[in-house]
Amino acid sequence: MNYLIGAFKSPCHISINFVDGRTRKQVQLKKENGQTAMVPLFRSQESIVGEVVLEPIQGKKVEHTGVKIELLGQIELYLDRGNFYDFTSLVRELDVPGDIYEKKTYPFEFSTVEMPYETYNGVNVRLRYILKVTISRSYVSNIVECQDFVVRNFTPPPSINNSIKMEVGIEDCLHIEFEYNKSKYHLKDVIIGKIYFLLVRIKIKNMELEIRRRESTGSGANTYVETETLAKFELMDGAPVRGESIPVRLFLSPYELTPTYRNTNNKFSVKYYLNLVLVDEEDRRYFKQQEIIIYRPESS
């Protein structure tokens, strides 16, 4: 049995090391198996520099037809699992065909890399960046090793950030007005607002504010939309009266939000909504939804 295990074991160990691996910020990344790993964090236009170390198992000779490293930016739709769409693809040849008898180290550099999209793990889609080393071989399978890294890009604060004012009502029964202080929020922001009751002729039991994320993948007839409620915040418990105003103060930092992504590489979008929900004494629900823009500030 031990011989069988040995037969399938890779004859060469590959490690991919970043030159600033000890000093660069590390962030959590959820892997395919559901576990999380700490990986380096980059932003667009940074250089990715490091070295690849190949170490044959003692006593083994590795014949190859070339060694290369690729930097790949990929989108995978879970409905089309296993098919990756490469939006970034760079390659560096590390070695010409030959034999490897002992440990060899190859430096590599990808300079000022354009990485326009952020790493994202969603319900039906993921966007990832990897370094992929391939030892190509003629008559047996190639030896491949991948190293993930995360990309996050910052957005300057918007120059125009209008408040949101909306009315919601049921004729002759209910008329409320709500106002939020702005329409664009950063990931650690606070939503501040007020709800005004102008007419109340139905018995309201409670009122809550939800943050919803809507992820849409595909296009046309093959569009799939997944909506998650990320937060529920009770604004009021009990019946309001006409003329009453309810303050809103909702901190975004406790929730795992991403920026708003609009039509990323024509493959997916992620949008956020504030959903105001009123429930009457007969458990009927009235709600009004409003999109907000979320962006990543320089400090996050």
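Residues numbered from 1 in each chain as written. Predicted model: local features only at pLDDT ≥ 70, side-chain atom pairs only at ≥ 80, totals over all residues. Heavy atoms only, no water.

Draft legend 1. Up close: the state of the cysteines. What the rule picks out here adds up to zero disulfides. Its sulfur unpaired, C12 is 15 Å from the next cysteine sulfur, which belongs to C146. (Disulfide = S-S within 2.5 Å.)

Draft legend 2. Region of the structure containing the sheet that holds strand β4 (residues 48–56). The sheet built from three strands is open, its strands ordered β1-β4-β9 with antiparallel pairing. Looking at which strands have only one partner, the edges of the open sheet turn out to be β1 (12–18) and β9 (104–110). Sheet twist, expressed as the mean angle between neighbouring strand axes with direction ignored, is 20°. (Pairing = 2+ DSSP bridges. Helix = DSSP H or I, 4+ residues; strand = E, 2+ residues; numbered from the N terminus. Axes fitted to C-alpha atoms, helices over the stretch in contact; angles between N-to-C directions.)

Draft legend 3. Molecular detail of the sheet that holds strand β13 (residues 164–170). Reading across the sheet, the four strands line up as β13-β14-β16-β19 and stay open at both edges, with antiparallel pairing between neighbours. Looking along the sheet, the strands with just one partner apiece sit at the ends: β13 and β19 (245–251). Taking each pair of neighbouring strands and ignoring which way they run, the sheet shows an average axis angle of 20°. In terms of strand pairing, strand β14 (residues 174–180) meets strand β16 (residues 190–200) through seven bridges, oriented antiparallel. Looking at the pairing, I176 lines up with F197 of β16.

These values are about where atoms sit, not about what they do.
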